[in-house]
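# Coordinate inspection notes
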Amino acid sequence: MSFSTYWETQDWDDIRLSIGAKTEADVLRALAKPKRDLEDFKALISPAADAHLENMAQQAAALTRRRFGYTVNFYVPLYLSNLCANACTYCGFSMENRIKRRTLSADEIERECHAIKGMNFDSILLVTGEHQTKVGMAYFREALPAIKRHFSYLAMEVQPLEEAEYAELKGLGLDAVMVYQETYNRATYGEHHLRGNKTDFAYRLDTADRLARAGIDKIGIGALIGLDDWRTDSFFVASHLDYLERTYWRSRYSISFPRLRPCEGAVQPKSVMNDRQLVQLICAYRLLNQEVELSLSTRESPAFRDKVLPLGITTMSAASKTQPGGYADDEPELEQFAVSDERSAAAVAQAVKAAGFDVVWKDWDPSYSG
Ligand code: SF4
């Protein structure tokens, strides 16, 4: 059994229609419950819930404080390579884009680590394009131990790997892996993933299963909002989380909700989600699940990030550069997408503190796992 087996039993259109059919009574019932299920989640992300956003926000904020206190974890992405053997319509790294390609050497990685440490970060997300031959296990075996020497918490967002490979990387210091399905609609997925290993929808869908079986501490899931109807995709993310928590209780989970951003060769979103709807979604995730980490990246604007922080967010990136070598020597023409929040890490930290929160630079201490 894996999530793709469960996914096969679900019908996209039935789910989309049932979300649209939720009424105000369904929303009020969901809001009144101490523990909500996936049917309640449908009501909370439905158009009928818009009129109750204030109530949702208050409950979401209270639940988040109860579980996470007044803290927010900070991390920063380190782009190791922009090589990619896939063609995704929405991404600047797509193999079909004629951009300058770069993969960091051991010396360049060391320089990036020092530049990042200089900004105070202790939790890092390694990002690459998906190039199995040039930036695959051989590269990760060299890079991970060198990077782990500098940081307490090491996450990755790279091509999906085999269970045994994840287990090996765990032994080299890997703590978390983010793997976003982009969209849970197979036909739409096919329209946006044109060439390369990423065309294998089911293999990607089962990546979280392989991660959990390999004993990875934290697994991040999500959809790229805009590729298809955001409500239906978000429902599938919630049901994926529900499946993972029931099946693999030892791992922790996080959800991201990236909205399509401008990039080289950009596509237009099929489903546009406005700021108010993103607030609704963040609150709905929190009302469904009090344990899950909710992560907000620098794709969003400073004003929006500052505003939604108290509602349910537990993790934020700051001062992100989305190109390899971006911290030690900035070459913006290599970037994956343009960030929206361009403030320094110190400036974001100051805004977080001004809102009454403590910044946690260190997500986990290696001595805890001994
Ligand atoms: S989204 Fe990932 S796999 Fe697709 S082109 Fe960009 S880096 Fe490559």
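First, a word on what this report is: a plain description of the structure on this page. Keep in mind it's a predicted model, so treat the numbers as computed, not measured. Counting restarts for each chain: residues are numbered from 1 in the order of the written sequence. Only residues with pLDDT of at least 70 are given local features in this predicted model, and only at 80 or more are side-chain atom pairs given and counted; all residues enter the totals for whole chains, interfaces and linings. Side-chain metrics in this entry use all non-hydrogen atoms of the structure; hydrogen atoms and water are not considered.

## Regarding the site of the ligand
Taken together, C84, N86, C88, Y90, C91, F93, S94, G129, E130, K198 and Q336 are the residues near the ligand. Residues are grouped as follows: nonpolar covers Ala, Val, Leu, Ile, Met, Phe, Trp, Tyr, Cys and Pro; charged covers Asp, Glu, Lys and Arg; every other residue, Gly included, is treated as polar. When the residues that make up the shell around the ligand are grouped by side-chain class, the tally is five nonpolar, four polar and two charged. We call a residue near a molecule or strand as soon as one heavy atom of that residue lies within 4 Å of the molecule or strand.

## Re the nonpolar core
Grouped burial of nonpolar side chains is what soluble globular proteins tend to show. Think of a nonpolar core as a cluster: buried Ala, Val, Leu, Ile, Met, Phe, Trp, Tyr and Cys residues, connected wherever their side-chain atoms sit within 4.5 Å. Type-normalised accessible area, obtained with a 1.4 Å probe on protein chains alone, sets the label of each residue: buried when under 20%, exposed when over 50%, and partly exposed for intermediate values. Formed by 103 residues in total, the largest nonpolar core has its most connected members in F74, F140, I147, F257 and L281. A total of nine residues in this core trace back to one element, the largest contributor, which is helix 13 (residues 275-288). In what follows, a contact means two residues having at least one pair of non-hydrogen atoms within 4.5 Å. Beyond its immediate chain neighbours, meaning those up to four positions away, F257 contacts A223, I225, L278, L281, I282, Y285, L294, S295, L296 and I313. Among the nonpolar cores identified, the runner-up in size contains 20 residues, and F93, I99, L224 and L227 belong to it. Only runs of H or I of at least four residues qualify as helices and only runs of E of at least two qualify as strands under DSSP, and these elements are numbered from the N terminus.

## Thoughts on the pairing of strand 3 (residues 123-128)
For strand 3, the tally of buried residues reaches six of six residues, placing the bulk of the element in the interior. In strand 3, alternate side chains face the same way, and those of S123, L125 and V127 on one face and I124, L126 and T128 on the other are all buried. Bridge count for strand 1 (residues 71-81) against strand 3 is five bridges, and the pairing is parallel. Its bridge partner lying in strand 3, S81 is registered against T128. By the convention used here, strands pair only if DSSP detects at least 2 bridges between them. Here strand 3 pairs with strand 4 (residues 153-157) via five bridges, running parallel. Along strand 4, the bridge assignment pairs S123 with Y153.

## A closer look at the packing of helix 12 (residues 230-247) against helix 13
Relative orientation of the contacting elements helix 12 and helix 13 amounts to 20°, with a least axis distance of 12 Å. With respect to helix 13, the element helix 12 is oriented roughly parallel. In terms of crossing hand, the pair formed by helix 12 and helix 13 is right-handed. Two secondary-structure elements touch here, helix 12 through W230, R231, S234, V237 and A238 and helix 13 through Q277, Q280, L281, Y285 and L288. Taken together, the residues of the contact of helix 12 with helix 13 sort by class into six nonpolar, three polar and one charged. The axes are straight lines fitted to the C-alpha atoms, using for helices just the contacting stretch, and the angles between their N-to-C directions are given from 0 to 180°. Here the word oblique covers every angle except those under 35 degrees (roughly parallel), over 145 (roughly antiparallel) and from 65 to 115 (roughly perpendicular). Handedness of a crossing follows from how the near helix is turned relative to the far one, being left-handed for an anticlockwise turn of less than a right angle and right-handed for a clockwise one.

## Here's the deal with the packing of helix 3 (residues 24-32) against helix 4 (residues 38-45)
It is the contact of helix 3 with helix 4, at a shortest axis distance of 8 Å, that shows an interaxial angle of 120°. Classified by the angle between their axes, helix 3 and helix 4 sit oblique to one another. At the point where helix 3 passes helix 4, the crossing takes the left-handed sense. For the pair formed by helix 3 and helix 4, the contact residues are D26, V27, A30 and L31 on the first element and D40, A43 and L44 on the second. Classifying every residue of the contact of helix 3 with helix 4 gives five nonpolar, no polar and two charged.

## A word on the packing of aromatic side chains
Geometry of aromatic contacts follows a simple scheme: Phe, Tyr and Trp rings, the Trp one being its six-membered ring, pair when their centres are within 6.5 Å, and the pair is stacked under 30 degrees between planes, edge-to-face over 60, tilted otherwise. Per the stated rule, a full pass over the model turns up 16 aromatic pairs. Each ring, one from Y79 and one from F93, has its centre 5.9 Å from the other, and the planes form 85°; the classification is edge-to-face. Placement of the pair is Y79 in strand 1 and F93 in the loop between strand 2 (87-88) and helix 6 (106-117), with a sequence separation of 14 residues. A residue is classified by how much of its surface remains accessible, and Y79, at 5% relative accessible area, is buried. For F93, a relative accessible area of 1% translates into the label buried. Members of the aromatic cluster, joined through ring pairs, are F3, Y6, W12, Y184, F235, F236, Y243 and Y248. In this structure, R67 packs its charged tip against the face of F68, placed 4.5 Å from the ring centre. In this arrangement the basic side chain of R259 is found over the ring face of F304, its NZ or CZ atom lying 5.3 Å from the centre. Here, over-ring charges are defined by two tests on the NZ atom of lysine or the CZ atom of arginine: distance to the ring centre within 6 Å, and angle to the ring normal within 35 degrees.

## Describing the side chain of K42
As for its position among the elements, K42 is in helix 4. You can call K42 buried: its relative accessible area is 7%. Polar contacts involving the side chain of K42 include one to the side chain of E39, which spans 2.9 Å. Setting aside chain neighbours within four positions, we find K42 in contact with I15, S18, I19, K22 and F235. Throughout this description, a polar contact denotes any pair of N or O atoms lying within 3.5 Å of each other; where both atoms belong to protein, one of them has to be capable of donating a hydrogen while the other can accept it, and for residues adjacent in sequence the pair is counted only when both atoms sit in side chains.

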